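Spelled out from the first residue to the last, the chains are:
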Amino acid sequence: MADRIFPKSAQNTVTRLPKRGHYDTDTIFGILDNHFLCHVSTVHDGQPYVIPTAYGRDGDTLYLHGSSKSRMLEWLADGRPLCLVVTLLDSLVLARSVFHSSMNYRSVVIYGHARRVEGDEKMHGLLRITEQIIAGRWAEARSPNDLELKATAVLAVTIDTASAKVRTGPPADDPEDYALPIWAGVLPVRQGYDEPVPDPAMTQSLPLPQSVVQQTNPDTHADRISL
Ligand SMILES: Cc1cc2nc3c(=O)[nH]c(=O)nc-3n(C[C@H](O)[C@H](O)[C@H](O)COP(=O)(O)OP(=O)(O)OC[C@H]3O[C@@H](n4cnc5c(N)ncnc54)[C@H](O)[C@@H]3O)c2cc1C
């Protein structure tokens with residue numbers, strides 16, 4: 001889909017360090033597609049709740065899933081406003097001063113509403129979530145059966161508006177601090193997958209599936225997972 005801009009409003013405009021704010025779908029969807037974990041929040045009876053969970057993106061829709069008895073999914077399914085955050089940590093920024101020490105990051109804040117999905121879209125949502133976590137796994141693993149589908153709720157979140165905030169580069173110290181004998185710089189953060197560990201309960205010796213081979217190949221998904 002072509003790059004689009006989420007219109008700036010009082011809700012999504014980055015006011016603190018506005019030059020770090022982005023509203024285009026290339027940036028926002030690019031960040032979403034680099035991860036599969038988010039924090040979703042809503043308010044129930046005046047109390048804010050935040051829950052970490054997995055997601056899968058398809059265009060302007062984010063799919064969430066969980067137990068049919070999940071309180072959070074039940075509340076969200078009634079269409080109340082939600083906020084969803086995805087954070088990628090790229091490096092620690094070690095300034096000469098504690099005050100200017102920071103982090104390089106890419107983060108997205110989404111505002112939207114959710115609806116419960118059933119039938120084909122429910123299965124599609126589960127596929128999108130599975131594929132977002134580990135591409136190719138949907139075709140390798142057994143599909144959900146009727147009982148499992150009944151035990152699972154799937155929500156489709158429509159993105160009403162969104163913002164991204166991105167920090168890159170070295171520390172930005174006060175001019176007089178640059179002469180201080182204090183090491184300063186950027187400490188890149190790395191997160192990747194290690195050697196796969198076969199389930200000891202496997203009843204036969206099997207080669208690694210393609211999805212796992214791909215994830216453990218540093219060239220394939222070097223930038224796929226961030227903290
Ligand atoms: C890994 C990480 C660590 C951070 N650590 C700190 C910290 O320790 N202290 C600190 O003050 N800030 C930190 N930030 C930045 C923080 O997320 C806020 O941007 C900042 O605190 C400004 O808050 P505000 O309420 O004044 O935002 P405002 O600029 O007033 O927010 C207005 C709107 O801008 C958008 N927005 C704001 N922040 C973000 C964001 N990060 N990503 C996407 N959209 C955003 C939202 O739509 C928000 O409603 C960190 C961010 C990340 C990703």
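Overview of the structure. Fair warning: this is a prediction, and the values are worked out from it, not measured in the lab.

Focus: the site of the ligand
Near the ligand you find 15 residues, and of these Thr15, Ser107, Tyr111, Ser163 and Lys165 are the closest. A distance of 2.6 Å is found between an oxygen atom of the ligand and a side-chain nitrogen or oxygen belonging to Thr15. Here a nitrogen atom of the ligand sits 2.7 Å away from a polar atom, N or O, in the side chain of Ser107. Contact with the protein chains hides 56% of the accessible area of the ligand, taken as 860 Å² for the molecule alone. Element by element, the count of residues in the shell around the ligand is highest for strand 7 (residues 102–116), at five residues. Each residue belonging to the shell around the ligand can be placed in one class, and the counts come to six nonpolar, seven polar and two charged.

Observations regarding unusual backbone geometry
The phi angle at Leu17 is positive, at roughly 55 degrees, despite the residue not being glycine. With respect to the helices and strands, Leu17 occurs in the segment before strand 1 (21–22). Phi at Asp45 takes a positive value of approximately 50 degrees, unusual for a residue other than glycine. Residue position: Asp45 is located in the loop between strand 2 (37–44) and strand 3 (47–54).

A short note on the side chain of Arg167
Summarising the element assignment, Arg167 is placed in strand 8 (residues 152–167). Within the buried core, Arg167 has no salt-bridge partner, and the shortest N-O distance to an opposite charge, that of Asp173, equals 8.7 Å. Of the polar contacts made by the side chain of Arg167, one reaches the side chain of Asn104; its length is 2.7 Å. From its side chain, Arg167 meets the backbone oxygen of Pro170 in a polar contact 3.0 Å long. Apart from residues no more than four positions distant in its own chain, Arg167 is found in contact with Arg20, Val93, Ser102, Met103, Asn104, Tyr105 and Ala172.

What to know about the packing of aromatic side chains
What the rule picks out here adds up to one aromatic pair. Relative to Trp75, the ring of Tyr49 lies with its centre 4.7 Å away and its plane at 55 degrees, an arrangement referred to as tilted. You can see Tyr49 sitting in strand 3 and its partner Trp75 sitting in helix 2 (residues 71–77), a full 26 residues away along the chain.

Observations regarding the nonpolar core
Grouped together as the largest cluster of nonpolar side chains are 28 residues, with contacts concentrated most on Ile28, Leu32, Leu62, Leu64, Leu76, Leu84 and Ile110. Listed by contribution, the elements that provide at least two residues to this core are helix 1 (25–32), strand 2, strand 5 (61–67), helix 2, strand 6 (82–94), strand 7 and strand 8. The element contributing the most residues to this core is strand 8, with seven residues. What Leu84 contacts, discounting residues up to four positions off in sequence, is Cys38, His39, Val40, Leu62, Leu64, Val108, Val109 and Ile110. Core analysis: the second largest hydrophobic core is formed by nine residues, Ala54, Tyr63, Ile129 and Leu149 among them.

What counts and what doesn't
- Residues numbered from 1 in each chain as written.
- Predicted model: local features only at pLDDT ≥ 70, side-chain atom pairs only at ≥ 80, totals over all residues.
- Heavy atoms only, no water.
- Near = heavy atom within 4 Å.
- Polar contact = N/O pair within 3.5 Å; in protein donor to acceptor, adjacent residues only side chain to side chain.
- Areas by Shrake-Rupley, 256 points an atom, 1.4 Å probe, with all protein chains shown as cover.
- Helix = DSSP H or I, 4+ residues; strand = E, 2+ residues; numbered from the N terminus.
- Nonpolar A, V, L, I, M, F, W, Y, C, P; charged D, E, K, R; others polar.
- Buried < 20%, exposed > 50% of the residue type's maximum accessible area, 1.4 Å probe, protein only.
- Lys, Arg positive; Asp, Glu negative; His and termini not counted.
- Salt bridge = Lys/Arg side-chain N within 4 Å of Asp/Glu carboxyl O.
- Contact = heavy atoms within 4.5 Å.
- Phe/Tyr/Trp six-rings, centres within 6.5 Å; stacked < 30°, edge-to-face > 60°.
- Core = buried A, V, L, I, M, F, W, Y, C linked by side-chain atoms within 4.5 Å.

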